[in-house]
Amino acid sequence: MAATRVLIVEDDADINQIVATHLARHGMDCAQAFSGSEARLLIGDDVFPFDIVVSDLMLPGLSGEELVALIRGRDVRVPIIVISARTAASDRIDLLKLGADDYLTKPFDLDELVVRIEVQLRHRGLAGAGDDAPDASAGVLRFRSWELDPEARTFSVAGEQVELTRIEFNILQALIEHPKRVFSKQELFERAWGEPYAADDNTVNVHVSNIRAKLKASGTDGYIKTVWGMGFKLQEG
């Protein structure tokens, strides 16, 4: 099996090297960039060359936020883990809105970073938890004008494809598989991320908000109903 290809973007040379050395010990193939501009060059313009990106926010040349947006414009599925000294909830929310998958604050534990990378990669194609997890072998799922293909990882509205991040896709798959069920935020988190709930409510709220924003043009953003005090479900016509 080919080694996991990791792009590390960190302008502090010591931190960059420590992270690269530690990940290499775990069998990962690391490319190192010391600025956002250098990362953009390594990404290139063709097939996305990395399996996961670990990036700082405060970068010279091209900021971490700009880099996340650039990557999401290129490959909506590759996991992005942001590492930053910023601790404000608003910073985490902004990064999630841009499409980051995870957020670690400095100083961080190297072994925790390895675990978070493994979790993102394990659930890159499919996230689930327990016996009720989404099944990638299931057939095409339909709800009103939506169509979701778990195997091809595609989602369309009235025949028009909508690009989703990995987490957004997993949230919609859980909802479509059980259209009458009210999912708590904890349940949606565990289904979409494939790990025990360890976040505040804003994490799920932001991703649902992102989905609604992408669906607004099609007029189907109202298909996702907020059940106050409980969570989310689909609104049947």
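Check the entry above for the structure.
All figures in this text were calculated on a predicted structure; none of them were measured in a lab. (Residues numbered from 1 in each chain as written. Predicted model: local features only at pLDDT ≥ 70, side-chain atom pairs only at ≥ 80, totals over all residues. Heavy atoms only, no water.)

### Regarding the overall build of the protein
- Each helix and strand counted, the protein has 8 helices and 12 strands in total.
- Taking all 237 residues of the protein together, 45% fall into the buried category.
- Considering only intrachain contacts with a sequence separation of at least 6, the fraction spanning at least 24 residues in the protein is 59%.
- Carbon and sulfur atoms form 51% of the exposed surface of the protein, whose accessible area is close to 11,000 Å². (Helix = DSSP H or I, 4+ residues; strand = E, 2+ residues; numbered from the N terminus. Buried < 20%, exposed > 50% of the residue type's maximum accessible area, 1.4 Å probe, protein only. Contact = heavy atoms within 4.5 Å. Areas by Shrake-Rupley, 256 points an atom, 1.4 Å probe, with all protein chains shown as cover.)

### A word on the pattern of salt bridges
- Throughout the structure, instances matching the rule amount to 12 salt bridges.
- Here Arg191 ties to Glu177 by a salt bridge, and the two come within 3.0 Å at their closest N and O atoms. In this pair, Arg191 sits in helix H7 (residues 185–193) while Glu177 sits in helix H6 (residues 166–177), placing the two residues 14 residues apart along the sequence.
- When its relative accessible area of 4% is taken as the criterion, Arg191 is described as buried. (Salt bridge = Lys/Arg side-chain N within 4 Å of Asp/Glu carboxyl O.)

### Examining the pairing of strand S11 (residues 224–227)
- Note: S11 against strand S12 (residues 231–234), 4 bridges, orientation antiparallel. Bridge assignment links Ile224 to a residue of S12, and that residue is Leu234.
- Between the antiparallel neighbours S11 and S12 lie 3 residues, among them Gly229 with a positive phi of about 80°. (Pairing = 2+ DSSP bridges.)

### Side note on the sheet that holds strand S4 (residues 80–84)
- The 5 strands lie next to each other as S2-S1-S3-S4-S5, forming an open sheet whose pairing is parallel. Each having just a single partner strand, strand S2 (29–33) and strand S5 (102–105) make up the two edges of the open sheet. If you compare each strand with its neighbour and ignore which way they point, the axes differ by 20° on average.
- By the bridge criterion, 4 bridges tie strand S3 (residues 52–56) to S4 in an arrangement that is parallel. Following the sheet pairing, Val54 is matched in S4 by Ile81.
- On the sheet, helix H3 (residues 64–74) packs against strand S1 (5–9), S3 and S4 and is oriented at approximately 180° with respect to S4. (Axes fitted to C-alpha atoms, helices over the stretch in contact; angles between N-to-C directions.)

### A closer look at H7
- Considered for burial, the residues of H7 that qualify are Leu188, Phe189, Arg191, Ala192 and Trp193.
- Two residues or fewer past H7, Gly194 is found with a positive phi of approximately 70°.

### Looking at the packing of aromatic side chains
- Taken as a whole and judged by the stated rule, the model has 6 aromatic pairs.
- Plain terms: the ring middles of Phe48 and Phe50 are 6.4 Å apart, the flat faces sit at 80° to each other, and that makes the pair edge-to-face. Neither Phe48 nor Phe50 differs from the other in exposure class; each is buried.
- With a centroid separation of 5.5 Å and an interplanar angle of 75°, the aromatic rings of Trp146 and Phe155 are classed as edge-to-face. Each member of the pair Trp146 and Phe155 is classed as buried.
- The structure contains a cluster of three or more aromatic residues connected by ring pairs, namely Phe143, Trp146, Phe155 and Tyr223. (Phe/Tyr/Trp six-rings, centres within 6.5 Å; stacked < 30°, edge-to-face > 60°.)

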